[in-house]
Amino acid sequence: FFKADVSGEEAVQSMIDAVVDRFGRLDIVVNNAGCGSQHCGVEADTPPGERWAIFRGANLDSNYFVTSLAIPHLIKNSCGAVVNISSTSGYHGNWGLYGVAKTGVEGMTRSFAAELAPYGIRVNAISPGPVKSEIWGGEDPIESCKITIPLGRIGEADEVATAFHFLASNAASFITGANLPVD
């Protein structure tokens, strides 16, 4: 486990270096950082530029820095997979700037997929819907999210992990630039 503020380029470079130093190579990248307004200190009176910087940094810049700085290591191996975590909020527009930033993750996924395909590196995204976790506190998210959940229940973390595992594995060797909804 390597802890880093992945919204900053220097911290990401240090993290990538530490991973390669410890394991000798880098084969799979997972971009799973992010925050919604309820959990990253954004209040109604937060100035627009500061609000956007918080959402962009945690949800979009982090993907760009981690992927960009991992590219030389992935190219060196002539293979690899990048899996970005987006969100179904981009489809529904129900989480404001969080959804905007996650929609940016999907565009970035397609761009990196096109750029890295000649090197045998696949880049895909997963867009989970609401998933059971401590992020909800004691709140039951099913009522506030019911309209956006086709199956009528919130997901389990292992259901998202299964989708990630598939996209990172050789079973998805001919899939790149895709965004898989897990909702």
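Everything below is about the structure shown above.
Residues numbered from 1 in each chain as written. Predicted model: local features only at pLDDT ≥ 70, side-chain atom pairs only at ≥ 80, totals over all residues. Heavy atoms only, no water.

### Here's the deal with the packing of helix 2 (residues 48–77) against helix 4 (residues 97–116)
Moving on, step 1. It is the contact of helix 2 with helix 4, at a shortest axis distance of 9 Å, that shows an interaxial angle of 15°. When the axes of helix 2 and helix 4 are compared, the pair comes out roughly parallel. The handedness of the crossing between helix 2 and helix 4 is right-handed. Contacts between helix 2 and helix 4 involve Arg51, Trp52, Phe55, Asn59, Leu60, Asn63, Tyr64, Thr67, Ser68 and Ile71 from the first element and Leu97, Tyr98, Val100, Ala101, Lys102, Gly104, Val105, Met108, Phe112, Glu115 and Leu116 from the second.
Moving on, step 2. For the contact of helix 2 with helix 4, the per-class residue count stands at 13 nonpolar, five polar and three charged. (Axes fitted to C-alpha atoms, helices over the stretch in contact; angles between N-to-C directions. Helix = DSSP H or I, 4+ residues; strand = E, 2+ residues; numbered from the N terminus. Parallel < 35°, antiparallel > 145°, perpendicular 65-115°, else oblique. Left-handed = near helix turned anticlockwise from the far one by under 90°. Contact = heavy atoms within 4.5 Å. Nonpolar A, V, L, I, M, F, W, Y, C, P; charged D, E, K, R; others polar.)

### A word on the nonpolar core
Moving on, step 1. One finds Val12, Ile16, Leu26, Val29 and Leu74 to be the most contacted residues of the largest nonpolar core, which totals 23 residues.
Moving on, step 2. Of all elements in the fold, only helix 1 (9–23), helix 2, helix 4 and strand 3 (121–128) reach the threshold of two or more residues within this core.
Moving on, step 3. If one sorts the elements of this core by residue count, helix 2 sits on top with seven residues.
Moving on, step 4. Look past the residues within four positions of Leu26 in its chain and what remains in contact with it is Ile16, Val19, Val20, Ala70, His73, Leu74 and Asn77. (Core = buried A, V, L, I, M, F, W, Y, C linked by side-chain atoms within 4.5 Å. Buried < 20%, exposed > 50% of the residue type's maximum accessible area, 1.4 Å probe, protein only.)

### Some thoughts on unusual backbone geometry
Moving on, step 1. For Ser78, which is not glycine, the phi dihedral falls at a positive 55°.
Moving on, step 2. Along the chain, Ser78 falls in the loop between helix 2 and strand 2 (80–85).
Moving on, step 3. Accessibility expressed as a relative area gives 52% for Ser78, which makes it exposed.

### Comments concerning the environment of Ser86
Moving on, step 1. Tracing the backbone through its elements, the reader meets Ser86 in the loop between strand 2 and helix 3 (89–92).
Moving on, step 2. We classify Ser86 as buried; its relative accessible area is 2%.
Moving on, step 3. Sequence separation between Ser86 and Val105 is 19 residues, and the spatial gap between their C-alpha atoms is 6.1 Å.
Moving on, step 4. What Ser86 contacts, discounting residues up to four positions off in sequence, is Tyr98, Lys102, Val105, Glu106, Ile126, Ser127, Pro128 and Asn179.

### Observations regarding the environment of Ala114
Moving on, step 1. Relative to the helices and strands, Ala114 resides in helix 4.
Moving on, step 2. Considering only alpha carbons, one finds Ala114 and Gly177, 63 residues apart in sequence, at a separation of 7.3 Å.

### A few points about the sheet that holds strand 2
Moving on, step 1. The strand order across the open sheet built from four strands is 1-2-3-4, with neighbouring strands paired in parallel fashion. The two strands at the open ends of the sheet, each matched to only one other strand, are strand 1 (28–31) and strand 4 (179–182). Across the sheet, the mean angle from the axis of one strand to that of its neighbour is 20°, orientation sign disregarded.
Moving on, step 2. As judged from the four bridges shared by strand 1 and strand 2, these two strands associate in the parallel manner. Its bridge partner being in strand 2, Asn31 is matched across the sheet by Asn84. (Pairing = 2+ DSSP bridges.)

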